[in-house]
Structure formats: C-alpha cells, structure tokens
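Topology and contacts: notes
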Amino acid sequence: MHLVLGQLVDSSYLDRIFEEINVKLQQTGLVSVGDLTVQYDLPGEFLQKELVLRLGTIVNGQLDPIDTRIVFTEAFTAQHKARIRGFLSGATKPTKVSTLISRYGLSERLFFNTLDELMASGQLQGSVAGGRHDKTSSFVPSIYTRAKNDWIDSFYKHNNYLEYATLSRLGVADAIGFVRKRYESEQLTYLDTCAISGLILEQIEAAAEDQLTGSFWIDVSTVCPSYFSDGDVHKVMDVVLPKSTQLSDTKIFCDTVLIKNVLVQMATKRFDDVINTKADEALQLGLVLLGNRTTTSKKMSGSKPTKGTDSKKDRKDERRMKATGGKSGGGTQGRETKTKSTKKKYLRGGGDDSDDDGEASARSGKDETGLTFLNVREIEEVLKQDENFEDCPEELVSAIAAYIEGPLTAAFREKAMSKYLSTCGSHDTLRKTHGEVQDKINGLVTNVHLFAKGTEFFDLEMRTQLQKHLLKTLCSDVVNLVVGYVAQENNLTTGDQPQTTLNSDARVKLLAKFPNSVKDILGKLNTALNGNSIDDFLTALDSAIGPNVCDMVIKKADKKKEKQLMTNHRLALIEQLNDTSEPFLVFHLSVLILFQTFTGTIVHATGKFVPRILAHLEKLLPIEVYQLMFRYQGLIFSYLKGTDDDAPQLEQMMSSIKEAAVSTKKGGGDTT
C-alpha cells in the first residue's frame, strides 16, 4: 500500500495502470512521465519511481539516457534511426536540422544521439555545423565538403587567388582562417578582400617596373587585377616596393600612383629661377627689411626691461612687462587656464602667440615678414607648362604641387634673407646688433641672479624646482639670444621660427650647422638648460659669451641698480594686482608681493608653487594676514573642484586680499 496525496493506492492498482501505459507505449513508441501525471493525477516522482521498477516486466521499453522521464520502445528507436539514415543519405548539400525535424516529425530528443551513432558507425558521411541545437545546426554531407574543397583548390590552382566573399557564399564562416589552415604551406599575401599567391605579386611588380622604364609615373591600380579594392592596392604596394630595387626610388601620390623621385626633383628645380627672381623683387621692395624690423620689434617687446628710463610711460610699460611678460615674467606663469584673458591683454604680438601665428603663416605661404611665394594653384599652373607633366592627370599635378609648396617656400625665404644679410653686413650694423644683444643678455642675467637669490629661502627640493623653472624660462631666453646672434654672425637662419622662441630641438638642429670652434661651447650651454643648477648655467654662459664666441661682457649689477630693479618689480606686481579681478591671479600676485616684502627678495614662480610659498611665509606673516590668505587659498581650491558656492566669497574677500598684500609691512617699516 502507498499513501499518495492523502489516498491509499495498492500495488494491484498500479500494475493495472502500467499495463495500460504499456499498451499505449507499444502503440505510440514513446511516452513521457509528464503526460502520465496529467492522465492519472499522480505525482510525477511517484510515477517515475514505480515506472523504473516495472521496466522489463510489465512495461516493455527503455529510458531515454538523456531525459529519464521519457520511455520509448526499441522498435521506435530503430524506426527513428532508419528514417534519419534514409533522409540524410541522399543529402548532397548542407541541410538544416530544424527543417528535417519539422517536415518529417522526427524526435528532437533522439535526433542528435542517433545522428552521432550513424556517423560513428560509418553509415552516414558528414559533420554537424552550428552546434547541437535544432534551430542553428546543419548536417553537412562529406560529398558536399569534398566537392566544395575540390572547387576551391581548382579555382586557386588556375587563378592564384581566393576571394573571401566567394568563400563566404560557399558556406565558409571564417574565410581567412580557412585559407590559412588549408594552404599553410603556401606563401600567400592576405589583402582586404582576397588572398593572393606570390605569382600575382611578381606579375604586378614586373608590370610596374616595365611601365616605369619608359615613364616617370605609373598608376599601380591599372596593373592590378580588376577584383582588387583600393585597400588591396595599398597593401600590395607596401609589399612590392621594399622588395624591388627599381621601384625603391619612388614616392606614392594620390594613394595608388608611383612617381620617380627624379620627377619631383625636376619639378622643384624648375622653380630655381623663379625663387631667385622673387627674392630680388622682395629685396627691392624692402619686404625683407620691413619683416626684419617687425621681428626685431616683437623680440624687443617680448623681452624683460631691467632698468628705467627718463620717460614715465616707459617705466610703467617696463614694470608691466616684467610682471606679465610670457614665460620670463614674474607674476603670471603657469596659470594659463585661469588668466588667459589677462595674458592676451599684455602679450599681444608676444612670444606665447608666435607659435600659433607661425603655424598659420606656414599654411598660407606667408611668414611674419610678409614674404610670399607662389601658392599651390600657381605652382600647379607652372608645372602644367612643363612637357614632363603633359600626360599627368590634373589630380596628380595638384598633389605634386602641394608636396613641393613647403620646400619651395622655405627655399625662397632663405634665399631672400641671404640676399638681405649680404647687403646689410656692414661694420656699423654688426656693432649695433652686438651692443643690443649684449644689453638684453645683461638685463636677463641680472634678473636671473635676483630670482636665484629668492630660491635660497626654500628647502632643497623646492629650490631645485624653482631653479629648473628659471632655466626653462629666463635662461632659455638668454640661450636663444646667444644662439641667434652667433647664427647671424655665420649667415645662418633659424627657418620660419623666430629666434626668441627656439626650443631645445630647434637649437640642437641649428647648432649642428655652426663651426666646430663654437659648436661644443654652445652645445654645453644648451645642455645646461636641462640641469637643475643656475650656477652651472652661468658657468657655461661665461664660456659662450667669451672672446672666442660672442666677445661680450656681462656687467655685474651694483647694489643701487639691484634695489631699483626690486622696486620696479614690486610696483609692476602691485599695478597688475590692481588691474585684475580674477581671484586666482589676485591670490598669486598677492603671495609674490608678500614674499618680496618679508624676505627682501623676489621669486620667479608659476601658480603650482604658490601654496608652498605661502606655507613658507606662515612664520613670517602676521597671524591675521596669514589666516586671511590661507582661508582664501582654501576657497580657491574648493572652487577649482567645482564648488560654485564659494564664488561670492572669493569676490567679497578680494579687496581684503589686495589690501593685505599691498599694505602689510615687515615690522611696520616701509619696504618700498
């Protein structure tokens, strides 16, 4: 007896149930425990257990090895196997499993196991693609695979290439992987749309060399097979050009056109007379002289004056330039994101903008001097008149014109400047230039000495960083003046880049052209900029300006002159402080002014150094002034982090900060 769902069920009742189930099984060939549960209103687990006990006795069937809740007869499996074998034995192309199951009513549960048995026993020749899922898998007959592979092999044998799209249409999922595996021993080149043999590469190379023998250029796409895409042509050129000695002396234009270098050289040489003529015209019209004066004026406005004049306006401009002058000023370095408008106000035409101006002028074919050469369209018109370019397509001529426009413009400017220098190299002119450069160097070196004294108030790490900053700014300006002067003495040009804005790489390239007698000395001076010691730089500078190189004298500033310079510097900082309303710049300038007030020295620092300078002043400032500055610094940090609520406080405290910076005195004395 069994207690099932509150009911007593005896074994005889169960036997009668399973006799009925056996009759149904023999009729249908397959029954499931799920169907029996619904039919007899008994739990599935209970029926499953009792069914297993009666298999081979009352129930003549066997369990499905995958799903034990399914029972089928041997006759059913044999019939199923025979049907699958019959259907697939006649297949000559890939057949979807889902189509077979739905059309012929096959059991999905038994299909894959039966198919595996048939293939393992050799009764079916083929494979299953797409996994063991009826919706995605397909049976691929071996006869189809052999026929496909034979066709692919035959096509490759006769054509020496295979297109990936064709392989995909034949049912190859990974075309490149298939080709790599099947033709592993072949030396194939894999392009964007196809794989080709070495024979096709040799044919393309031979055809290109043959056509270039009697011509200056060739469109490689015309000697490539028609099935090549533009990307295929590019890759073939990358493979063929390094291997061919005859094609190595060429350049690529318009993506697929090979041009002999000699044609480019002939195109450039055709303008030699034009360059010479236009250089003479520029000299006669005074364009070179005008440009030279303009450049000199810009250099003078970008430099830092070191002493006052009788004119009150000049002294005011001098103080302003010293406090705001680009990378050599004392008050605004390193805060570009927040003081951009202020810098533009004072640096119109100065060094920071010269790089952008230079790039723009290079694109337009005109430099700061107003020297202009032919534009690309005019160069193209000249080339079209040359018999060597008669058969060239218009696009190719335009590409060559654009390619040589830069070198031609540079050659013209160099020729014009050379002619100008040859006409103005008199003794008086050279002596005047020598004196101007010497005065500028003396002024900058004096500033370097003053700023270097200010670094001595900090620890070694901070002092090293400040001196590195001095080397990258004021000291770099000194080196540019020295290198530019020596270059002018040797009739060398700095190209399109003004002498005052030369970077380290530009100086190295220029130094390579110098005579050996000065190259090493100036090289050491340039290398000293990458160090961290002002003393080492000044030692190298003494050698560079000596009688064997520049023949200049560095004058040591006396105490009276230094005091005047310090006063001018403070007044320039205060003037700029009064003119600005940007909280960040107000804080920056205020800290620099307080540092000068309480240490008696000046410091050349960007914005990143300001917090550490304020920390150093903590023990020197009156407590109320330090707390005011420290609080303002905190508000600035919060504002920079995106806290806009602090903006009103920054504005409210600005007048107090300015007043504290200007009015706070050391020990109550007058520091001005």
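The rules behind the values
Residues numbered from 1 in each chain as written. Predicted model: local features only at pLDDT ≥ 70, side-chain atom pairs only at ≥ 80, totals over all residues. Heavy atoms only, no water. Axes fitted to C-alpha atoms, helices over the stretch in contact; angles between N-to-C directions. Helix = DSSP H or I, 4+ residues; strand = E, 2+ residues; numbered from the N terminus. Parallel < 35°, antiparallel > 145°, perpendicular 65-115°, else oblique. Contact = heavy atoms within 4.5 Å. Nonpolar A, V, L, I, M, F, W, Y, C, P; charged D, E, K, R; others polar. Core = buried A, V, L, I, M, F, W, Y, C linked by side-chain atoms within 4.5 Å. Buried < 20%, exposed > 50% of the residue type's maximum accessible area, 1.4 Å probe, protein only. pLDDT = per-residue confidence, 0-100. Expected span 1.5 Å × (residues − 1). Pairing = 2+ DSSP bridges.

1. Considerations on the packing of helix α10 (residues 198-213) against helix α11 (residues 230-243)
In helix packing, the relevant descriptors are the interaxial angle and the interaxial distance, both defined with respect to the helix axes. Axis separation between α10 and α11 bottoms out at 10 Å; the angle between their running directions is 75 degrees. In this view, α10 runs roughly perpendicular relative to α11, as classed from their interaxial angle. Across the interface between the two elements, Leu 201, Ile 204 and Glu 205 of α10 pack against Val 236, Val 239 and Val 240 of α11. Considered class by class, the residues forming the contact of α10 with α11 number 5 nonpolar, no polar and 1 charged.

2. A few points about the nonpolar core
Val 482, Phe 514, Leu 522, Leu 525, Phe 537 and Leu 541 are the most contacted members of the largest nonpolar core, which has 43 residues in total. Those elements that provide at least two residues to this core are α20 (427-455), α21 (460-472), α22 (474-489), α23 (504-511), α24 (516-528), α25 (534-544) and α26 (559-579). Grouped together as the second largest cluster of nonpolar side chains are 37 residues, Leu 573, Phe 609, Leu 621 and Met 654 included.

3. Regarding the confidence of the model for the protein
Model confidence for the protein is summarised by a mean pLDDT of 76, while 73% of its residues fall at 70 or above. Mean pLDDT across the elements of the protein bottoms out in helix α16 (residues 340-346) (33) and peaks in strand β11 (residues 194-196) (92). pLDDT under 50 marks residues 293-369. Its contacts with residues more than four places away, or in other chains, come to 145 contacts. For the stretch residues 668-672, pLDDT sits under 50, and the model shows 8 contacts to residues farther than four places along the chain or on other chains.

4. Concerning the environment of Asn 261
Within the secondary structure, Asn 261 is located in helix α12 (residues 261-269). Those residues in contact with Asn 261 that lie beyond four places of it in its chain are Asp 249, Thr 250 and Lys 251.

5. Re α22
One full turn of an α-helix is made of 3.6 residues, so residues set three or four places apart face in the same direction. Look at α22: 23 Å from first C-alpha to last across 16 residues, which is about the 22 Å you get at 1.5 Å a residue. A large share of α22 lies buried, amounting to 14 of its 16 residues.

6. Details of the sheet that holds strand β12 (residues 217-219)
Ordered by their spatial adjacency, 3 strands build an open sheet running β12-β14-β13, and the pairing between neighbours is antiparallel. With partners counted over all chains shown, the strands left at the sheet margins are β12 and β13 (250-253), one partner each. The sheet shows a mean angle of 20 degrees between the axes of neighbouring strands, direction not considered. In this structure, β12 lies alongside strand β14 (residues 257-260), joined through 3 bridges in antiparallel fashion. Bridge pairing in β14 links Trp 217 to Ile 259. Against the sheet, α10 makes contact with β12, β13 and β14, and its axis sits at roughly 140 degrees relative to β12, the strand it touches most.

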